[in-house]
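Analysis of the macromolecular model
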Amino acid sequence: MSLNYSTYVSQLANLMATDSTTPEFQTMLPGCIDYAEQRIYREIDLLSTVVRDTTSVLTPGDRNFTLPTTANGPFVTVQGINIVTPAGSTVDNGKRNALSAVARDYLDMVWNSSAGAGVPINFAMIDQNNIIVGPWPAAAYSVEVIGTITPNPLSATNTTTFLTLYLPDLFMAASLVFASGYMRDFGAQSDNPAQAASWEAQYQTLFKSANMLELRKKWAGPGWTPLSSIPITP
C-alpha cells in the first residue's frame, strides 16, 4: 500500500509504539525522513530522479561551463552532456553531439587553449557544479545536461514522493533503522541491540528487490532485459 505524509507518520509512530504528537517524536521526524530518503537516493539509481535541462548555452572562447540548477536544485550526478549544433539551434531542431567524459588532465594537455576552437567533444568535471570542455567552443552552442537530482523531501506540504508511492516498504524500513537509534541509543543500541540490526536486515532484503526492479526499468536487468530472471529449462 502506498503512503502519504499522514499515513507514514501514523505507521511510523505505531511501529515505534509511541505517540506521534509528542514533542520528542516531532523533533526526531525530520531527521528520520532525511536519513531514509538520502540513504535510498544514494544507494539506488532511481529513474524518477533523472532530469534533462536544456536552458543553458556555452560561451564562445570559454571552456568553463556551470551546470544549470533545476527546479529541485543542482545536479547530484551528471549522466550525459550533449552539445546542440548548429549554434543557435535547440534540442528540438538541432543535432545532439554527445560529449565523452575524460580526466581534467587530458583536457589540460590536449585542449589547453582557445586555438582550434570548434564543437566540443569532451568534458571533465571540475567540481560538483562546474565542468570544462574541449575543444573550446567556437560559438554559443546550446547544452543539454542529463543527470540526477534530489527530489523534494516528504513533508506536511509535500505529502507524497516516489518513495512513499512506489517503495513504501523500503522507505519505512530505512526510517526504522534511524528510529531504532532514537529509541535505543544510536551508538550501540545497548537497550535492545537486535532491534536496529533486525530493521537493517529487513532494509537490505527489500533493497535487493527494489534495486533489481530499477535495473529492469532501465533494461539493465538479467540479460539486459526489463524482465525478471527466468530459470533455464533443463
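See the structure shown above.
Calculation criteria
Positions within a chain are numbered from 1, following the residues in the order the chain's sequence is written. Totals for whole chains, interfaces and linings use every residue, but because this is a predicted model, local features are given only for residues with pLDDT of at least 70 and side-chain atom pairs only at 80 or more, for both listing and counting. The side-chain numbers reported here are obtained from all heavy atoms of the structure, hydrogens and water having been left aside. In DSSP terms, a helix is any run of H or I states spanning at least four residues, a strand is any run of E spanning at least two, and both are numbered starting from the N terminus. A simple rule labels every residue: compare its accessible area, found with a 1.4 Å probe on the protein chains alone, to the largest value its type can have, and call it buried under 20%, exposed over 50%, or partly exposed in between. Polar contact is the term for a pair of N or O atoms within 3.5 Å; when the atoms are in protein, one must be able to donate a hydrogen and the other to accept it, and sequence-neighboring residues count only if both atoms are side-chain atoms. Only heavy atoms matter for contacts: two residues are in contact if any of them lie within 4.5 Å across the pair. Two strands are said to pair when DSSP picks up at least two bridges between them.

1. What about the side chain of N97?
Mapped onto the elements of the fold, N97 is located in strand β6 (residues 95-98). According to the relative accessible area criterion, N97 is buried, its value standing at 18%. Separated by 2.8 Å, the side chains of N97 and T85 make a polar contact. Ignoring sequence-local partners within four residues, the contact set of N97 consists of I81, N82, I83, V84 and T85.

2. Observations concerning the sheet that holds strand β9 (residues 130-134)
Spatially, the four strands line up as an open sheet ordered β2-β9-β8-β7, and their pairing is mixed. The two strands at the open ends of the sheet, each matched to only one other strand, are β2 (64-66) and β7 (100-101). Relative to β9, strand β8 (residues 122-125) runs antiparallel, the two sharing four bridges. Each bridged residue has a counterpart across the sheet, and for F123 the counterpart in β9 is V133.

3. Here's the deal with the environment of L67
On the secondary structure map, L67 appears in the loop between β2 and β3 (69-70). In the structure, L67 is positioned 77 residues away from E144 in sequence and 9.9 Å away in space, judged by C-alpha atoms.

4. Details of the environment of V91
Mapped onto the elements of the fold, V91 is located in the loop between β5 (77-85) and β6. Note on V91: relative accessible area 16%, which makes it buried. Apart from residues no more than four positions distant in its own chain, V91 is found in contact with T54, V84, R96 and E144.

These figures come from the coordinates and say nothing about function on their own.
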